[in-house]
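Analysis of the macromolecular model
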Amino acid sequence: MSDPNDLTGFLSRAWQILGRGVADRRSPARHPTFATVSPDGLPQARTVVLRAADRATAMLEIHTDTASAKIAALRAHPQAEVHIWDARSKIQLRLAARVSILTGAETADRWASVPEASRVSYGTEPAPGSVIGHVYAYEKPPCADRFAVLSCALEAIDLVHLDTRHRRARYTRASEWSGNWLAP
């Protein structure tokens, strides 16, 4: 790990973890928790797959089915928090984001790169979360029209390193990611 007592190095470590999550299926950052607020104001959290992380634009990308509850939640409240716990490095990331929902022609290039075996994640019938008559009373036809990309523009990063002496910092887009140390 870069110097954990340096704000710039600490932020770089966060982006290394995010990059590894995109590239390595075994990385804890590959499957973060994605939290939203439902249209009726209740918290909702679920595990998603991190598909892209771009430090230059401070963007994350997650794919989902347009019929999922997170789409309704994001239409009502277009903010989310992404949570990652990396036990090996003892680092927790909490990433606050403003989320844009991309569909149709905006996502055609990404749909083309989704492996055939993974396309069944987009098009479940009945829609995800629907009550069904028995455990397997659903179908999973791949459906490009139900594919959505959640483009997450990071607004803040809260980073905690649990060590003998804990370290915590918060970085914001508004401060151009300069960061401040916080009491852990």
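See the structure above.
Residues numbered from 1 in each chain as written. Predicted model: local features only at pLDDT ≥ 70, side-chain atom pairs only at ≥ 80, totals over all residues. Heavy atoms only, no water.

1. Side note on the overall build of the protein
Along its length, the protein carries three helices and nine strands. In sequence order, the secondary structure elements of the protein are arranged as α-β-β-β-β-α-β-β-α-β-β-β. The C-alpha atoms of the protein give 18 Å as radius of gyration, which agrees with the globular expectation for 184 residues (16 Å, within 12%). Summarising its shape, the C-alpha atoms of the protein cover approximately 55 × 35 × 30 Å along the three principal directions. Across the 184 residues of the protein, 39% fall into the buried class. (Helix = DSSP H or I, 4+ residues; strand = E, 2+ residues; numbered from the N terminus. Rg over C-alpha atoms; globule rule 2.2 N^0.38 Å. Buried < 20%, exposed > 50% of the residue type's maximum accessible area, 1.4 Å probe, protein only.)

2. Re unusual backbone geometry
Each neighbour pair has its own omega, and for Glu-125 with Pro-126 the value is -5°, a cis peptide bond. In this structure, Pro-126 sits in the loop between helix H3 (108-113) and strand E7 (147-161). The residue Lys-90 is not glycine, and still its phi comes out positive at about 60°. As for its position among the elements, Lys-90 is in the loop between strand E5 (79-86) and strand E6 (91-102). The backbone phi angle of Glu-176 is positive, close to 60°, even though this residue is not glycine. In this structure, Glu-176 sits in the loop between strand E8 (167-172) and strand E9 (180-182).

3. Things to note about the pairing of strand E1 (residues 33-37)
Residues Phe-34 and Thr-36 of E1 are buried on one face, while the alternating residues Thr-33, Ala-35 and Val-37, pointing to the opposite face, are not. Across five bridges, the pairing between E1 and strand E2 (residues 43-47) is antiparallel. When the sheet's bridge partners are listed, Thr-36 is paired in E2 with Gln-44. As consecutive antiparallel partners, E1 and E2 are separated by five residues, and within that stretch Gly-41 has a phi angle of approximately 90°, a positive value. Across three bridges, the pairing between E1 and E5 is antiparallel. (Pairing = 2+ DSSP bridges.)

4. Observations concerning the pairing of E6
Relative to E6, E5 runs antiparallel, the two being bridged by eight bridges. Following the sheet pairing, Trp-85 is matched in E6 by Gln-92. Linkage of E5 to E6, two consecutive antiparallel strands, is achieved through a turn of four residues, within which Lys-90 is found at a positive phi near 60°.

5. Some details on the nonpolar core
Formed by 32 residues in total, the largest nonpolar core has its most connected members in Phe-34, Leu-60, Leu-93 and Leu-95. Once you skip the residues sitting within four places of it in the chain, Leu-60 turns out to touch Trp-15, Leu-18, Leu-50, Ala-52, Ala-53, Val-82, Leu-95, Leu-150, Ser-151, Cys-152 and Leu-154. (Core = buried A, V, L, I, M, F, W, Y, C linked by side-chain atoms within 4.5 Å. Contact = heavy atoms within 4.5 Å.)

6. Here's the deal with the layout of surface pockets
Reported here for the largest pocket is a volume of approximately 490 Å³. In this structure, the largest pocket is lined by 23 residues; those nearest its centre are Val-49, Arg-51, His-63, Ser-121 and Tyr-122. The greatest single-element share of the lining of the largest pocket, amounting to three residues, is contributed by strand E4 (residues 59-65). Classifying every residue of the lining of the largest pocket by side-chain character gives seven nonpolar, ten polar and six charged. (1 Å grid on protein atoms, 1.4 Å probe; cavity = no way out; pocket = protein on both sides within 12 Å on 5 of 7 lines; lining within 4 Å. Points joined across faces, edges and corners; volume = space filled by probe spheres on them. Nonpolar A, V, L, I, M, F, W, Y, C, P; charged D, E, K, R; others polar.)

7. Here we look at the packing of aromatic side chains
Given two aromatic rings, one states the distance between the centres and the angle between the planes to describe the pair. Inspection of the entire model under this criterion finds four aromatic pairs. Considering the side-chain rings of Trp-111 and Tyr-122, the 6.1 Å spacing of their centres and the 75° angle between planes classify their relative orientation as edge-to-face. Taken as a pair, Trp-111 in helix H3 and Tyr-122 in the loop between H3 and E7 lie far apart in primary sequence, eleven residues in all. One aromatic cluster in this structure is built from Trp-111, Tyr-122 and Phe-147. (Phe/Tyr/Trp six-rings, centres within 6.5 Å; stacked < 30°, edge-to-face > 60°.)

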